[in-house]
Amino acid sequence: MPELPEVETVRRGLAPHMEGRRILFAEQNRPDLRFPFPPGFVARLEGNRVISVGRRAKYLLIALEDGWTWMVHLGMSGRFTVNPGSEAVIATSGQVGHNSGWALAEKHDHVRVEMEGGARLVFNDTRRFGFMDLIPPGGLATNPHLAGLGPEPLDDAFNVADFSAAIADKKTPIKAALLDQAVVAGLGNIYVCEALWRSGISPKRLARTVPGRRAERLVPAVKEVIAAAIEAGGSSLRDFVQADGELGYFQHAWDAYGREGEPCRKPDCGGIVRRIVQSGRSTFFCPGHQR
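Remember, predicted model here, so these are calculated numbers, not experimental data.

### Quick notes on the sheet that holds strand S2 (residues 50–56)
(1) Moving on: Judged by pairing direction, the sheet is antiparallel, and its four strands sit side by side in the order S2-S3-S4-S8 without closing on themselves. Each edge of the sheet is formed by a strand with only one pairing partner; in this case those strands are S2 and strand S8 (131–135). Recorded for the sheet is a direction-independent mean angle of 20° between the axes of neighbouring strands.
(2) Moving on: In terms of strand pairing, strand S4 (residues 69–73) meets S8 through five bridges, oriented antiparallel. Paired with Trp 70 across the strands is Leu 134, a residue of S8.

Laid out in structure tokens, this is it:
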């Protein structure tokens with residue numbers, strides 16, 4: 001599933017094509033994804049101007065001129081691509097999209113949007129675990145997907161003192177605590193493994209033992225790995241593609257994730273990366289220096 005850096009990469013890819021531009025045409029090709037589309041979805045989008053393309057945790061939040069917010073969750077395989085809308089397109093069966101058709105149309109293109117200025121945005125989701133919603137004016141704070149989220153990992157609100165207080169009484173492993181969206185928003189399996197590797201903390205260590213000196217290592221490590229992944233364009237994992245179609249490449253910098261049985265990259269460690277299963281998910285760590 002795309003994690004925060006991948007979603008942020010998609011946001012940055014979409015913003016230049018959407019912000020300040022009106023939605024001229026929208027098309028919804030099925031009644032539902034993971035959940036049903038909201039009533040009046042296409043009618044709400046068409047003719048509306050996009051004020052901003054934002055993000056909260058792993059959710060894209062597209063603010064519209066009429067005060068509503070178009071929420072998008074990519075799920076496991078959801079992706080946006082930007083279609084230039086060239087007249088030189090390959091026709092598909094029937095009329096697909098607006099005017100002369102859509103280049104590179106695919107079976108699982110579930111939503112298509114044509115923007116003022118010519119950009120055509122396509123949402124493709126093979127597994128249909130993503131979803132879209134419309135949030136009314138003033139409804140962000142009470143939306144069930146957003147209410148209760150913790151601080152963003154790159155915000156000042158995610159700091160050693162507040163993080164230590166949030167996990168002080170938690171008897172779960174620290175990895176589980178970091179995946180708790182109420183503790184810190186947007187972290188997923190890959191980057192939690194990486195941050196724990198960088199900070200030298202075992203994923204099996206109880207969260208309540210981390211406040212203090214260990215938190216002083218862990219919080220900066222989380223910020224560093226997320227910032228590095230965003231800078232690299234997000235990780236390319238299975239179905240993830242950036243909005244412009246270019247794959248991310250941070251996976252080449254992974255130090256722990258997916259490296260089971262390989263020598264630890266930490267200088268002078270000498271350990272071997274292991275894989276264990278926690279809460280049904282693979283965890284990669286080096287017992288040589290993560291304690």
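### Section: the packing of aromatic side chains
(1) Moving on: In this structure the tally under the stated criterion is eight aromatic pairs.
(2) Moving on: Among the aromatic residues, those joined into a cluster by ring pairs are Phe 35, Tyr 59 and Phe 131.
(3) Moving on: In this structure, Arg 44 is placed above the aromatic ring of Trp 68, and the distance from its NZ or CZ to the ring centre is 4.1 Å.

### Quick look at the environment of Glu 194
(1) Moving on: Counting through the fold element by element, Glu 194 comes out in helix H5 (residues 189–199).
(2) Moving on: Residues Glu 194 and Phe 285 lie 91 residues apart in sequence; the distance between their C-alpha atoms is 8.4 Å.
(3) Moving on: Every residue in contact with Glu 194, bar those within four places of it in the chain, is listed here: Val 225, Ala 253, Trp 254, Asp 255, Ala 256 and Tyr 257.

The rules behind each value
Residues numbered from 1 in each chain as written. Predicted model: local features only at pLDDT ≥ 70, side-chain atom pairs only at ≥ 80, totals over all residues. Heavy atoms only, no water. Pairing = 2+ DSSP bridges. Helix = DSSP H or I, 4+ residues; strand = E, 2+ residues; numbered from the N terminus. Axes fitted to C-alpha atoms, helices over the stretch in contact; angles between N-to-C directions. Phe/Tyr/Trp six-rings, centres within 6.5 Å; stacked < 30°, edge-to-face > 60°. Lys NZ or Arg CZ within 6 Å of the ring centre and 35° of its normal. Contact = heavy atoms within 4.5 Å.

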